[in-house]
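Structural characterization, general
Here's the letter readout for the chains.
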Amino acid sequence: MDARAQLVMVFNLDKCIGCHACSISCKNIWTDRRGAEYMWWNNVETKPGIGYPKKWEDQGTFKGGWVVDRGKLRLRALGKGPTLLNMFFQPNMPKMEDYYEPFDFDYGNLYGAGEGNDQPVAEAFSRISGRKIETIRGGPNWDDDLSGSQLYAAKDVNLEEHGIVEEYGRMFMQYLPRTCNHCLHPACVASCPSRAMYKRGEDGIVLVDQNVCRGWRFCTSACPYKKVYFNWDSGKAEKCIHCFPRTETGQCMACAHSCVGRIRYVGVLLYDAEKVEQALLKPDAELVEAHRAVILDPRDPAVREAAGRNGVSDRWLEAAVKSPVHALVKEFGLALPLHPEFRTLPMAYYIPSLSPILSTQGDTHELMEHGLFPEPETLRAPLGYLASLLSGGNREVVAAVLAKLIALRSFMRARNLHQPMDAGALEKAGLDEAAAVRLYRLFTLGGYDERYVIPAQQREEQDPHTRKGASGFGILTQAGKGK
Ligand code: SF4
Ligand code: SF4
């Protein structure tokens, strides 16, 4: 066993209100500078929709992530031949129009325009070239709230690939906040020829060493989530740093701190690095189960001992026991990885949204008047769509999560309204009363210290072998050198 610790975020999609407070707080702190104008390390997408950069989920175009090739994992875009040919040119990288040309407005003209017949206006100009922009054609949340639009929602690859376009007419809408997933098997790290990208041994945060990066941009192409950006001014790659100057002092990330919907949870997961590669060789439909199997029980003495040997401190072990993330991902199996079939083993998890609790069959209101909720299979959000996003296409996995959420709501509704409670329904969904009360608290009233359990750390306390570059598994760089 090779037990390691990772700082992980969970998002409860039912609660996201799409306010973008998270994106703005991140932008103000980290990417409000030259060359980074178009970067949104945290962004929020409307689903169904094409997201940012446009159609990032379409690996047929962008060729990110890993594939299983003759029983082994291989970066989708890279083999020796293409690597050498593409050294100076990244054909699979999103273009500026796939993001958007960052713009601002010439507000000075409102004050400084001379006398004339027309009202002065603040015209748009490019933050890159400075030239005037006649028509703004895109932005980081251009399809915000347009989930009904033929232009955007209909092009969502999750609809196309899983043959559920016909359900589009009775589609629902939800928000999908995204940051770097600080993956356990990061394609960005494996693809970097300069070895500038690394995964910190002590907390699993994936970073770019700005002194080492030579701007090859393999990382941008290789990340299937398109969460590495190229700074056109510095010529270096940049990405979400999980707010490590904050987390090292026990504070949560700025995006989580500012989250109006209180949808985010941050905590420690322990995982077995030896199991990562085998887990990712499983077929798509088995990947969620394989993810869960990689995560270790922090109460198990053998796990604690193995983690201790790897330099995981007692403080971190205690945080792993109290971790809301461990409860949501492993203990209750409610939070699922985003696109596990990209095979980077993302360390951000999502609780699928139950809302709107509207059935495609029968009268939902009539059902609920009798204390009944619709079956997961009949909810307005098609199971196939959620499965495409969160379980490698496995509908049963998502249905099981939704069944738990329905049982939880049903039980707590009856309890709060002093109606008869059906504990059997909870049991059938794999929960009990104590679990229901605990989850209800986490989802509703849970305060800062319950939602964010982040142990402070000092780098000098860490065992040197868990420092930079110790990714914890036999990851190969494209040059074929093991780390
Ligand atoms: S999402 Fe994963 S592959 Fe992409 S930049 Fe983050 S760690 Fe790397
Ligand atoms: S701040 Fe929270 S609720 Fe608002 S968009 Fe971001 S994740 Fe959603």
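Structure: see above.
Bear in mind that the values here come from a model prediction, so they are computed numbers and not experimental data.

**A look at the site of ligand 1**
The immediate surroundings of ligand 1 are formed by Cys180, Asn181, His182, Cys183, Pro186, Ala187, Cys188, Val206, Cys223, Tyr225, Val228 and Lys239. Taken together, the residues that form the shell around ligand 1 break down as 9 nonpolar, 2 polar and 1 charged.

**Overview of the side chain of Thr247**
Checked against the element boundaries, Thr247 lands in helix α8 (residues 244–247). Thr247 sits in the buried class, given a relative accessible area of 1%. Excluding residues within four positions of it along the chain, Thr247 makes contact with Leu7, Ile205, His242, Met253, Ile454, Pro455 and Ala456.

**Quick notes on the pattern of salt bridges**
Applying the stated criterion across every chain yields a total of 21 salt bridges. Among the salt bridges present, the one from Arg200 reaches Glu248, with a minimum N-O distance of 2.9 Å. In this pair, Arg200 sits in the loop between β8 (197–199) and β9 (206–208) while Glu248 sits in the loop between α8 and α9 (254–257), placing the two residues 48 residues apart along the sequence. For the pair Arg200 and Glu248, a shared accessibility class is recorded, and that class is buried. If you follow the salt bridges from partner to partner, you end up with Arg200, Glu202, Asp203 and Glu248 in one network.

**Looking at the sheet that holds strand β14 (residues 336–337)**
The 5 strands are arranged β13-β12-β1-β15-β14 in an open sheet whose pairing can be described as mixed. The sheet is open, and its two borders are formed by β13 (295–296) and β14, each paired with just one other strand.

**Side note on the state of the cysteines**
Counting across every chain of the model gives 0 disulfides. In this structure Cys192 is not part of a disulfide, and its nearest cysteine sulfur, from Cys219, lies 6.3 Å away.

**Focus on the side chain of Arg264**
With respect to the helices and strands, Arg264 occurs in strand β12 (residues 264–272). Buried Arg264, no salt bridge; nearest opposite-charge side chain is Glu45, N-O distance 11 Å. In this structure the side chain of Arg264 is engaged in a polar contact, spanning 2.9 Å, whose partner is the side chain of Asn42. Beyond its immediate chain neighbours, meaning those up to four positions away, Arg264 contacts Met9, Val10, Phe11, Cys22, Asn42, Pro177, Thr179, Cys255, Ala256, Cys259, Arg451 and Tyr452.

**Thoughts on the site of ligand 2**
Around ligand 2, the surrounding shell holds 14 residues, and the nearest of these are Cys16, Cys19, His20, Cys22 and Cys259. Residues belonging to the shell around ligand 2 are distributed by class as follows: 10 nonpolar, 3 polar and 1 charged.

**Examining helix α17 (residues 395–416)**
End to end, α17 covers 31 Å across 22 residues, agreeing with the expected 32 Å (1.5 Å per residue, within 8%). Its side-chain oxygen at 3.0 Å from the backbone nitrogen of Glu396, Asn394 defines the N-terminal cap of α17. Immediately downstream of α17, the backbone of His418 shows phi near 55 degrees, a positive value.

**Here we look at the nonpolar core**
Grouped together as the largest cluster of nonpolar side chains are 120 residues, with contacts concentrated most on Val10, Met197, Leu328, Tyr349 and Phe443. At 11 residues, α17 tops the list of elements feeding residues into this core.

**Observations regarding the packing of aromatic side chains**
Inspection of every chain in the model, using the stated rule, returns 14 aromatic pairs. Measuring from ring centre to ring centre gives 6.0 Å for Tyr99 and Tyr229, while their planes differ by 50 degrees; the resulting arrangement is tilted. Note that Tyr99 is positioned in the loop between α3 (80–85) and β5 (103–105) and Tyr229 in strand β10 (residues 228–231), a separation of 130 residues in sequence. Each member of the pair Tyr99 and Tyr229 is classed as buried. A connected cluster of aromatic rings, assembled from ring pairs, spans Tyr38, Tyr52, Tyr99, Tyr100, Phe103, Phe105, Tyr107 and Tyr229. The aromatic ring of Trp40 is capped on one face by Lys27, whose charged end is 4.9 Å from the ring centroid. One Lys or Arg, Arg217, reaches over the ring of Phe230 and ends 5.1 Å from the middle of that ring.

Rules and cut-offs
- Residues numbered from 1 in each chain as written.
- Chains lettered and ligands numbered in written order.
- Predicted model: local features only at pLDDT ≥ 70, side-chain atom pairs only at ≥ 80, totals over all residues.
- Heavy atoms only, no water.
- Near = heavy atom within 4 Å.
- Nonpolar A, V, L, I, M, F, W, Y, C, P; charged D, E, K, R; others polar.
- Helix = DSSP H or I, 4+ residues; strand = E, 2+ residues; numbered from the N terminus.
- Buried < 20%, exposed > 50% of the residue type's maximum accessible area, 1.4 Å probe, protein only.
- Contact = heavy atoms within 4.5 Å.
- Salt bridge = Lys/Arg side-chain N within 4 Å of Asp/Glu carboxyl O.
- Pairing = 2+ DSSP bridges.
- Disulfide = S-S within 2.5 Å.
- Lys, Arg positive; Asp, Glu negative; His and termini not counted.
- Polar contact = N/O pair within 3.5 Å; in protein donor to acceptor, adjacent residues only side chain to side chain.
- Expected span 1.5 Å × (residues − 1).
- Core = buried A, V, L, I, M, F, W, Y, C linked by side-chain atoms within 4.5 Å.
- Phe/Tyr/Trp six-rings, centres within 6.5 Å; stacked < 30°, edge-to-face > 60°.
- Lys NZ or Arg CZ within 6 Å of the ring centre and 35° of its normal.

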